[in-house]
Amino acid sequence: MIRRVALLALAALLLVATAGQAQAAGYRYWSFWDRDGDQWVYATQGPSTARPSDGDVQGFRFSVSEDSGDAAQPRGTADFTSICAKTPARDGSKRVALVLDFGTAADAPSGETPPSPRTACARVSPDATTADTLATVADPLRYNTNALLCAIGDYPKSGCGEQVSDKQQPRNESAPPAEKTTENDDGGGPSVGLIAGAAAIAALAAAATWQARRRRNATR
């Protein structure tokens, strides 16, 4: 009996210890993708330095994700021929197909509604960057001081890569910048779950002690 109670106490302790790790922090931002054959590949350069070639397909997706491995890919048609069918080739320029996915309502900032996904074919100068290309079909764009793309077509109207504690509820954007990157936002004190878990363990330990005394008294 004592052994079983001890095992229950250990299980409760492990549950409390892992409860705070159940929710992984994510970030709400525009991810940038290159089309490679029939699949999307997370871009290795930013829009301001990448220089697409004629016939390339590039995509942008607004969502909440933890990192590049967790990022949601653009949805919808991603075929250059279809997207640029009505934009004929012209000497001295290149054509780049763009897939713009504004994400879902679940990923939208509070009070905003994402526009419908769309595609566009941009005809630009041969040396144009992706940022130049995007500006011709989805203006206005918004960047932060670190050149991070914050908004495409004025969506979202505010915010830029803010941290989201549970992939749904954004952290307080008015908090100091240092606090925005803090994964544990409980103020440094013991959590309610930790206190409850400690109380449960204490109760189980007391029950084990009472049971042991009862059995000793019964054998006298």
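Residues numbered from 1 in each chain as written. Predicted model: local features only at pLDDT ≥ 70, side-chain atom pairs only at ≥ 80, totals over all residues. Heavy atoms only, no water.

Looking at the overall build of the protein
Logical step 1: A count of helical and extended segments in the protein gives 5 helices and 8 strands.
Logical step 2: What you see in the protein, going N to C, is helices and strands ordered as α-β-β-β-α-β-β-α-β-β-β-α-α.
Logical step 3: Going through the 220 residues of the protein one by one, you find that 35% of them count as buried.
Logical step 4: Considering only contacts in the protein between residues 6 or more positions apart, those separated by 24 or more positions represent 62%. (Helix = DSSP H or I, 4+ residues; strand = E, 2+ residues; numbered from the N terminus. Buried < 20%, exposed > 50% of the residue type's maximum accessible area, 1.4 Å probe, protein only. Contact = heavy atoms within 4.5 Å.)

A closer look at the state of the cysteines
Logical step 1: Counted by the stated rule, this structure contains 2 disulfides.
Logical step 2: Bridging C84 to C121, the disulfide has an S-S length of 2.1 Å. Taking the torsion about the S-S bond as the criterion, the C84 to C121 disulfide, at about 100 degrees, is right-handed. Of this pair, C84 sits in the loop between α2 (80–83) and β4 (94–101) while C121 is found in strand β5 (residues 118–124), placing the two residues 37 residues apart along the sequence. (Disulfide = S-S within 2.5 Å.)

Focus: empty space enclosed by the protein
Logical step 1: The tally for this structure, following the rule as stated, stands at 1 cavity of 30 Å³ or more.
Logical step 2: There is about 40 Å³ of room inside the largest cavity.
Logical step 3: Together, 13 residues line the largest cavity, and R28, F62, C150, C160 and G161 are the ones closest to its centre.
Logical step 4: For the lining of the largest cavity, the secondary structure elements donating two or more residues are β1 (26–36) and β7 (149–151).
Logical step 5: Grouping the constituent residues of the lining of the largest cavity by class yields 8 nonpolar, 3 polar and 2 charged. (1 Å grid on protein atoms, 1.4 Å probe; cavity = no way out; pocket = protein on both sides within 12 Å on 5 of 7 lines; lining within 4 Å. Points joined across faces, edges and corners; volume = space filled by probe spheres on them. Nonpolar A, V, L, I, M, F, W, Y, C, P; charged D, E, K, R; others polar.)

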